[in-house]
Amino acid sequence: KTDDVEVQAQAAATIANLGYGDAPNQKLIGELGGIEVLLDLCCSNDVDVIESATAALANLVCLHKANAVKVCVAGGVEILVRLVTSDKAANLLDVDHISEIQANAAEALANLTSNFGDESAARIHTLGIAPLVLMCGSGNIQVKRNAPLVLGNISQDDEYRKTVGLRGGIEALFLLCEKVDEVTQANALWALGNLAWQPHNQERIGRFFPQLLALCESGWLPVQANAIVCLANCLYYNERNRERLEGTEGGVRRVVGMCSHEQPLPVQEASLRALVSLSYTDRMALPLGGEPHDVLPMLLHNCRSPTVNVQKYSLMTLMNLVMHNTNKRRILDYKGVEVLVAMQGSDTRAVRELAASILECLADIRAVDELAAKKDSFGVEGMLRLCQGDDLQIRKLAIEALAEQLWLDPAKQEEVAKNQGIETFMSVVSQWKDEDEKVLLPALWALRNVTHDHPANKDYVGDLKGIDVLLDVCQNHTHFSTGDVLESALSALVNVCVGHERNCRRILRRGLDVLIDIAEGVNLSLNAEEIEVESEIQDEELRTFEMEKVTERRKSAVLESQKTNRALATNLLQILGPHNWIRCGHCGSKEEGGSRCKQCGRAIEFQ
């Protein structure tokens, strides 16, 4: 507390040495009021005093949360941000000293935000992100190394990530990735990995994919691991970035290559996460399961890994791939059943459940093979008999096969009708209250396809009271969790009614209110806040912000489904419009409204 600046500088330097990596000394200095005194010295007019004080602060808040709290409470964040972003603090004229002060202040901010993230992040965002983004352009190597650490530490919240992205943080960090210093590259990629959880930032990072993929092949493990983590985060629920990677020459091949057990564990784990996202789409499931990538042997080998995350991500990829029958057969050929059965001995519930789900999918391969072998010999009549059996899986597959045949070959419509196929489909749909959704959905699509541009079949569905049944299905499936059933029923109604006056009139008498309610969103949860999907998501391994991301995307999918169903109901109302008339009992003309017939002039009487 002396006024002698030389003594102040030496005392601060001594405190810096005492506090370096020594927790007891850090605690004692903090309790004696050292933090507040050092922050006062940071406002000195002497460059040596400020340099020593900032060095001491950087050491005292390193791995010591209590001191980090003291810095925030005493207004230290504001002081450090001002020092790190100013070329002339307190009449400083010595450029070399300014550079060192900025380096110390940047390190102090990095340590501070690491230990007391939420509060310090809030204060920094209040002061503004732009000065910290500008730190990335500093000529001082220590500032370059610490600037991304600060940006990464304050990007633990979606709103903060969005702000950093809007202020040019992504572009500034990729500028640092171009530097030859590998520590700077690793730190910048770590920050980009945190920012990549935000959808708008995923889009920004996607524009740098060629550079990011090159960094994924770095010879220094921290750079390589952080680069592939950033890539995996960018692909997470982001269709556009998946397409970018698929369109980049050798992009998918590089990711697949880094999933091998021969890779360092951090690289393997992150690469498998990226592969989970890539395998989610149908267009990649077959190339990954077969030529040109053939990842199945590698994934099954990874299931024997002692690392739970490697097992889990490998199983999640297999779960995506097993949706295709071709991949099911390949998994069986690679003795995947034995591996998956062995996974039931895992101590981790998520691993056991994933393996069990894959085994369940593989179980129907025999039924699929049997059905495919018999389909040609059975013909339509035989397939319809299978639709009436007791085996749920066989019924589902048989109805799906018929629905597909009806769509691909419209000539089958008459054959199906002749063999009482319409009655078979209607029987399933009529029992919607008790019928399994796996059978109900293909039956609705079969009805849609069998009536497509076929007046006689439309007549027959109407005569079987099919309009009433389909309206009942619509009215009782407005909850967001049954949106696919509602969409299928509405699609069937559209085909049954389009160009068919009698069926349109049946809807006008029976179901106009139902369609208007759906078109206007009545009984639908139209606000994301009203949709509760958390109970559908069962993965206790997800971190909080990952769970929030999954929930947000699931809600978005629900809202899109509801928009589709509202559009279908609106389209159906437009089809009904021309048929909304009253027939005059005197002359038989069709009147759109009013109390007198425009044709004969008499008062309208109903027939």
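A short tour of the structure in this document, coming up. Worth saying up front: this structure is predicted, and the values here are computed from it rather than measured.

1. Overview of unusual backbone geometry
At step 1: Cis geometry is adopted by the peptide bond preceding Pro292, which originates at Glu291 and carries an omega value of 10 degrees.
At step 2: Here the phi dihedral of Asp294 falls at roughly 45 degrees; this positive angle occurs in a residue that is not glycine.
At step 3: Along the polypeptide, Asp294 turns up in the loop between helix 20 (282–289) and helix 21 (296–302).
At step 4: What makes Asp294 partly exposed here is its relative accessible area of 24%.

2. Here we look at the side chain of Glu435
At step 1: Within the secondary structure, Glu435 sits in the loop between helix 29 (421–430) and helix 30 (437–450).
At step 2: If sequence neighbours within four positions are ignored, Glu435 has contacts with Arg395, Val428 and Leu440.

3. Details of the pattern of salt bridges
At step 1: Using the criterion set out here, one finds 19 salt bridges in the structure.
At step 2: Between Glu246 and Arg283 there is a salt bridge, with its nearest N and O atoms 2.7 Å apart. Here Arg283 lies in helix 20 and Glu246 lies in helix 17 (residues 239–247), a separation of 37 residues in the sequence.
At step 3: Owing to a relative accessible area of 38%, Arg283 belongs among the partly exposed residues under this scheme.
At step 4: Of the charged contacts in the structure, one is a salt bridge between Arg502 and Asp463, with a shortest N-O distance of 3.3 Å.

4. Focus: the environment of Ile98
At step 1: With respect to the helices and strands, the residue Ile98 is situated in helix 7 (residues 95–115).
At step 2: A relative accessible area of 10% means that Ile98 is categorised as buried.

5. Some words on helix 5 (residues 65–73)
At step 1: The complete set of buried residues in helix 5 reads Asn67, Ala68, Val71 and Cys72. End-on view of helix 5: buried residues confined to an arc of 145 degrees, all on one side of the axis.
At step 2: Positive backbone phi, at 80 degrees, marks Gly75, one or two positions downstream of helix 5.

6. Notes on helix 13 (residues 182–195)
At step 1: Helix length check: helix 13 (14 residues) gives 20 Å between terminal C-alpha atoms against 20 Å at 1.5 Å per residue, within 8%.
At step 2: Counting buried residues along helix 13, eleven of its 14 residues qualify, which places the element largely inside the surrounding structure.
At step 3: Within helix 13, the full set of buried residues consists of Thr184, Gln185, Ala186, Asn187, Ala188, Leu189, Ala191, Leu192, Gly193, Asn194 and Leu195.
At step 4: Tucked into the core, helix 13 has its buried residues touching helix 10 (141–153), helix 11 (158–166), helix 12 (169–177), helix 14 (199–206), helix 15 (209–215) and helix 16 (221–235).

Quick notes on the rules
- Residues numbered from 1 in each chain as written.
- Predicted model: local features only at pLDDT ≥ 70, side-chain atom pairs only at ≥ 80, totals over all residues.
- Heavy atoms only, no water.
- Helix = DSSP H or I, 4+ residues; strand = E, 2+ residues; numbered from the N terminus.
- Buried < 20%, exposed > 50% of the residue type's maximum accessible area, 1.4 Å probe, protein only.
- Contact = heavy atoms within 4.5 Å.
- Salt bridge = Lys/Arg side-chain N within 4 Å of Asp/Glu carboxyl O.
- Arc of directions from axis to C-beta.
- Expected span 1.5 Å × (residues − 1).

Taken by themselves, the reported measurements are silent on function.
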